Amino acid sequence: MKDIFITPFVDMFAAPDFLLQVLWEGLVSGILYALIALGFVLIFRSSRIFNFAQGIMVVFAALTLVGFHAMGVPAWTSVALTLGVMLALAVSIERVVLRPLVGQPDIILFMATIGITLFLIGFGEIIFGGENKVMITEELGIPTDSWVLEPWGGLLILEQKDVTAVIAAAMLVVGLLAFLNYTRMGRAIRALGDDSQAALSVGISLQTIWVLVWFIAGIIALVTGIAWGARAGVSFALEVIAYKALPVLMLGGLESITGAIIGGLMIGMLEKLFEIYWGQPLLGGNTETWFAFMLALVVLLFRPQGLFGEKIIERV
Amino acid sequence: MLDQSQGYVTADGRQIGGVLMEMKDITLRFGGVTAIKDISFDIHEGEIRAIIGPNGAGKSSMLNVISGFYTPQEGEVWYKGAPRPAMKPYEVARMGVARTFQNIALFEGMTVLDNVMTGRLNHMKAGILAQAIWWGKARDEEIANREHVERVIDFLEIQSIRKTPVGRLPYGLKKRVELARALAAEPSLLLLDEPMAGMNVEEKEDMSRFILDVNDEFGTTIALIEHDMGVVMDLSDRVVVMDYGKKIGDGTPDEVRNDQTVIDAYLGVPQE
Ligand SMILES: Nc1ncnc2c1ncn2[C@@H]1O[C@H](COP(=O)(O)OP(=O)(O)O)[C@@H](O)[C@H]1O
Ligand SMILES: [Mg+2]
């Protein structure tokens, strides 16, 4: 009992600099979980599709970026080209998958996104090969040094690429919120999420909005892919982190942008805290693979609608 | 009936314009069900045109054909003197046709103001970036749109709930917000599907007044569906009567009221 309820907290207070380090690591992972969840939420809100492919889109975007660069294309030109590819992907998905299936039951559309996932894996392996690649972090001008701080006379190491990732993610989120709240297209996306009939009646084109949200999801995927790739390399194993978006969504709700962000940060930080203070000393570590799912299940026991949802999620 | 294609003068002395929209031999089927059977009628500029008939007569289907939600198997829709190709609802909306729904379709999560603002979507042209950073043309546009929306809100007397999320409003007010959103688009044709259904007497009177005022002040052409003969007689200039997908009457309220086929169709049909 003492090991569970007392020792961890004593440790936290004894070395607050280390606690900060743990929280920071958790925040960095969390913000990336949040980004992936955000991609899910946008697509779900505007088309009621649970996009299973969001995770693989992260891998695909990162592979495409590295692939272009390997062909001798300058780094930022590769970014532009990758964005072009993500746009083409959005257009193709709308044409080939969504448009013919519109009006079908949700489960069919969900299956279709599994189809997209399998296609992207196969297609990606043919083009880029299956082996692990290195993200072009320095080529993109992302600093790779560390800042060493000494809070309370202790030690806190901030990797500059993580700081960059957090700043980039924050900017992306702020930009996205401004876009959703203050532009015509943004209003149209929110409207479509609320009531598609009404949206049609005020002149909103389903097709245009779908292409737009899948493209935004693609942009989010690229940013996530760069940030995560910089930490862990680029391979299909990256996809595993995308599954962390599931508990984030269970906590934050499928339709809430705020929920996705807060849920992502919470899970990122809590799983890190748990791993360091409980998992490693008591359970032999490696709890990060399952902790998020267990946390989500426990929360759902008490709040079936998730932390922020007002209504029960019934559509999935 | 006299030739009205050049317009006519109503019983209360209003001058009505030429034909704005004409339905020609429209047939609409859902599998085995024929919702509309070979119906033709026209809507003149500036008039209030009612479509009435018992439940399941095909009234909503007709409105859905006009607004592009349903595509008829046969027949043509003429708009402003030319046949309209098959169009998606959003394309019809962009041509100046706004509508409300029988089962209110609002953006429940948004405020009244935001809902009404979506009615202005087609009046916003500035680039995405300019809009996001509230700059230049985007800013002027947004201000102009806000002003128009505020006028509509004042007109429909919903100032006090501008910032309320629509999901929290009672039914009668929701109907009014839906009308506001449609009006915000400055439509040349306004389609109302049972705007008074489910309302109490007082709310019905308010809604009737708003409909008449909209037509009067903005000259908006209105096509509305009502279940209830009585309300329609007070509001409309001309009436189409439908029953089992067929048109069984077409004329002024007085003509329709005294038509034996129409009377028969309504006999034994419980009215709300
Ligand atoms: N989307 C649809 N799918 C299948 N049948 C429909 C659809 N819409 C309407 N109908 C059928 O068409 C007929 C007319 O319905 P409707 O136009 O709603 O009548 P009204 O508005 O006059 O009550 C009904 O039999 C209805 O069941
Ligand atoms: Mg109806």
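Since the structure is predicted, the reported quantities are computational estimates derived from the model, not experimental observations.

Let's talk about the overall build of chain A
Helix and strand content of chain A: 14 helices and two strands. For a compact globule of 316 residues, the expected C-alpha radius of gyration is about 20 Å, and chain A comes in at 20 Å, within 12% of that figure. Seen through its C-alpha atoms, chain A measures out along the principal axes to roughly 60 × 50 × 35 Å. Counting the 316 residues in chain A, one finds 54% classified as buried. Within chain A, counting contacts between residues at least 6 apart in sequence, those at least 24 apart form 72% of the total. Element-wise, carbon and sulfur atoms account for 69% of the exposed surface of chain A, whose accessible area totals about 13,900 Å². Placing the 16 positive and 23 negative side-chain charges of chain A at their respective mean positions leaves the two points 12 Å apart.

A word on the site of ligand 1
Residue and element names in this part refer to chain B. Looking at ligand 1, the residues that line it are Phe30, Val33, Ala35, Pro54, Asn55, Gly56, Ala57, Gly58, Lys59, Ser60, Ser61 and Tyr70. Here Gly58 contributes a backbone N or O atom positioned 2.9 Å from an oxygen atom of ligand 1. For ligand 1, the protein covers 63% of the area, taking 560 Å² as the surface of the free molecule. Counting residues per element, the ones that place at least two in the shell around ligand 1 are strand E4 (33–44) and helix H1 (59–66). With three residues, the top contributor of residues to the shell around ligand 1 is H1. In the shell around ligand 1, the residues fall into six nonpolar, five polar and one charged.

Details of the interface of chain B and chain A
Every contact between the two is made by 28 residues of chain B and, on the other side, 21 residues of chain A. Around 2,200 Å² of area is buried between chain B and chain A when both sides are counted, 61% of it from carbon and sulfur atoms. One salt bridge connects Arg187 of chain A with Glu142 of chain B, and the closest N-O pair in it is separated by 2.9 Å. Seen at the junction of chain B and chain A, the total is five residue pairs in polar contact (both at pLDDT 80 or more). Element by element, the count of residues in the side of chain B that touches chain A is highest for helix H2 (residues 89–94) of chain B, at four residues. The residue makeup of the side of chain B that touches chain A, split by class, is 15 nonpolar, five polar and eight charged.

Some thoughts on helix H6 (residues 106–128) of chain A
Residues and elements named next belong to chain A. For H6, built from 23 residues, the straight-helix expectation of 33 Å at 1.5 Å per residue is met to within 8% by its first-to-last C-alpha distance of 32 Å. Buried within H6 we find Leu109, Ala112, Thr113, Ile116, Thr117, Leu120, Gly124 and Phe128. Immediately downstream of H6, the backbone of Gly129 shows phi near 80°, a positive value.

So, the side chain of Thr221 of chain B
Within the secondary structure, Thr221 of chain B sits in strand E10 (residues 221–226). Discounting chain neighbours no more than four positions away, the residues touching Thr221 of chain B are Leu20, Ile43, His44, Glu45, Gly46, Glu47, Ser188, Leu189 and Leu190 of chain B.

Side note on the sheet that holds strand E6 (residues 74–79) of chain B
Residues and elements named next belong to chain B. If you trace the four strands from one edge of the open sheet to the other, you get E4-E3-E6-E7, paired in antiparallel fashion. Here the strands that pair on one side only, and so sit at the sheet edges, are E4 and strand E7 (82–83). Looking at chain direction, strand E3 (residues 19–30) and E4 are connected through eight bridges and run antiparallel. Opposite Arg29, over in E4, you have Thr34 as the bridge partner.

With respect to a nonpolar patch on the surface
Residue and element names in this part refer to chain A. Residues Met1, Ile4, Phe5, Ile6, Val10, Leu282, Leu283, Trp290, Met294, Val298, Leu301 and Phe302 make up a contiguous nonpolar surface patch of about 1,300 Å² in total accessible area. Of all the secondary-structure elements, those providing two or more residues to the nonpolar patch are helix H1 (2–5), helix H13 (257–283) and helix H14 (291–302). The element contributing the most residues to the nonpolar patch is H14, with four residues.

Considerations on the confidence of the model for chain A
Residues and elements named next belong to chain A. Overall, the predicted model of chain A reaches an average pLDDT of 89, with 97% of residues at or above 70. Summarising per-element confidence for chain A, the mean pLDDT is lowest in helix H11 (residues 239–243) (77) and highest in helix H5 (residues 75–101) (94). Counting interchain partners and residues more than four positions distant, the pLDDT-below-50 stretch residues 312–316 has 10 contacts.

Description of the coordination of the magnesium ion (ligand 2)
Residue and element names in this part refer to chain B. The protein atoms that coordinate the magnesium ion (ligand 2) are Ser60 (OG) and Gln102 (OE1), at distances of 2.0 to 2.2 Å. Placement of Ser60 in helix H1 and of Gln102 in the loop between strand E8 (97–99) and helix H3 (112–118) is noted, with a sequence separation of 42 residues between them. Relative accessible area serves as the criterion here: at 27%, Gln102 is assigned to the partly exposed category.

Comments concerning the packing of aromatic side chains
Taken as a whole and judged by the stated rule, the model has 16 aromatic pairs over all chains. With a centroid separation of 5.0 Å and 80° between ring planes, the pair formed by Phe30 of chain B and Tyr70 of chain B is classed as edge-to-face. Of this pair, Phe30 of chain B sits in strand E3 while Tyr70 of chain B sits in the loop between H1 and E6, and the two are 40 residues apart along the sequence. For Tyr70 of chain B, a relative accessible area of 30% translates into the label partly exposed. Ring geometry for Phe69 of chain B and Phe101 of chain B: centres 5.6 Å apart, planes at 85°, overall edge-to-face. In this pair, Phe69 of chain B sits in the loop between H1 and E6 while Phe101 of chain B sits in the loop between E8 and H3, placing the two residues 32 residues apart along the sequence. Assigned by exposure class, Phe69 of chain B and Phe101 of chain B land together as buried. Members of the aromatic cluster, each reached through a chain of ring pairs, are Phe9, Phe274, Trp278, Trp290 and Phe291 of chain A. In this structure, Lys24 of chain B is placed above the aromatic ring of Trp78 of chain B, and the distance from its NZ or CZ to the ring centre is 3.7 Å. Seen from the ring of Phe69 of chain B, Arg99 of chain B lies directly overhead, with NZ or CZ sitting 5.0 Å from the centre.

Some points on the domain arrangement of chain B
Residues and elements named next belong to chain B. In terms of domains, chain B is made up of domain 1 (1–96 + 187–272) and domain 2 (106–186). The centre of domain 1, based on its C-alpha atoms, is set 27 Å off from the matching centre of domain 2. If you look at the interface, domain 1 gives 21 residues, while domain 2 gives 13 residues. Overall, the association of domain 1 and domain 2 removes approximately 1,300 Å² of surface from exposure, summing both partners, and the carbon and sulfur fraction of that is 69%. Among the residues domain 1 hides against domain 2, the three largest losses belong to Pro187, Met207 and Phe210. Together they make up 38% of the total. Joining domain 1 to domain 2, the criterion identifies two salt bridges. Counting every contact that joins domain 1 to domain 2 gives two residue pairs in polar contact (both at pLDDT 80 or more). Elements with a minimum of two residues in the side of domain 1 that touches domain 2: H2, strand E9 (189–193) and helix H7 (201–218). Taken together, the residues of the side of domain 1 that touches domain 2 sort by class into 11 nonpolar, two polar and eight charged.

Rules used in this analysis
Counting starts from 1 at the beginning of each chain's written sequence and moves along it residue by residue. The order in which chains are written sets their letters, starting at A; the order in which ligands are written sets their numbers, starting at 1. Local features in this predicted model are restricted to residues of pLDDT 70 or higher, and side-chain atom pairs are both shown and tallied only at a pLDDT of 80 or more, whereas totals for entire chains, interfaces and linings draw on every residue. Hydrogens and water molecules were not included; the side-chain quantities draw on all heavy atoms of the structure. In DSSP terms, a helix is any run of H or I states spanning at least four residues, a strand is any run of E spanning at least two, and both are numbered starting from the N terminus. Here the radius of gyration uses the C-alpha set of atoms, whereas the globule reference equals 2.2 Å times the residue count to the power 0.38. Between buried and exposed lies partly exposed: a residue is buried under 20% and exposed over 50% of the maximum accessible area for its type, with that area taken using a 1.4 Å probe on protein chains only. Whether two residues touch is decided by their heavy atoms; if any such pair falls within 4.5 Å, the residues are in contact. Under the convention used here, a 1.4 Å probe and the Shrake-Rupley method define accessible areas, while residue burial counts only the protein chains that appear. His is not counted, nor are the chain ends, whereas Lys and Arg count as positive and Asp and Glu as negative. The atoms used to mark charge sites are NZ of Lys, CZ of Arg, CG of Asp and CD of Glu. We call a residue near a given molecule or strand whenever any one of its heavy atoms falls within 4 Å of it. For the purposes of these results, a polar contact is taken to be a pair of N or O atoms within 3.5 Å, where, inside protein, one atom must be able to donate a hydrogen and its partner to accept one; residues adjacent in sequence count only when each atom of the pair is a side-chain atom. Note on residue classes: Ala, Val, Leu, Ile, Met, Phe, Trp, Tyr, Cys and Pro are nonpolar, Asp, Glu, Lys and Arg are charged, and everything else, Gly too, is polar. Once two parts are put together, the accessible area they lose, assessed with a 1.4 Å probe and summed over both, is termed the buried area. Take a side-chain nitrogen of Lys or Arg and a carboxyl oxygen of Asp or Glu: if they are within 4 Å of each other, that pair is a salt bridge. Multiplying 1.5 Å by the helix residue count minus one yields the expected span of that helix. When DSSP finds two or more bridges between two strands, those strands count as paired. Patches draw on residues past 30% relative accessible area with no salt bridge. Two like charges within 9 Å are joined, as are two nonpolar side chains (Val, Leu, Ile, Met, Phe, Trp, Tyr) within 5 Å. Per residue, pLDDT measures the predictor's confidence, with a range of 0 to 100. A 2.8 Å cut-off from the metal defines N, O and S donors, relaxed to 3.2 Å for Na, K and Ca; water is not in the atom list, so some sites may appear incomplete. Pairing of aromatic rings covers Phe, Tyr and Trp, the last counted by its six-membered ring, and requires centre-to-centre distances within 6.5 Å; plane angles under 30 degrees mean stacked, over 60 mean edge-to-face, and any other angle means tilted. Charge-over-ring contacts are defined here by two conditions on Lys NZ or Arg CZ: a distance within 6 Å of the ring centre and an angle within 35 degrees of the ring normal. An automatic or database domain assignment provides the domain bounds reported here.

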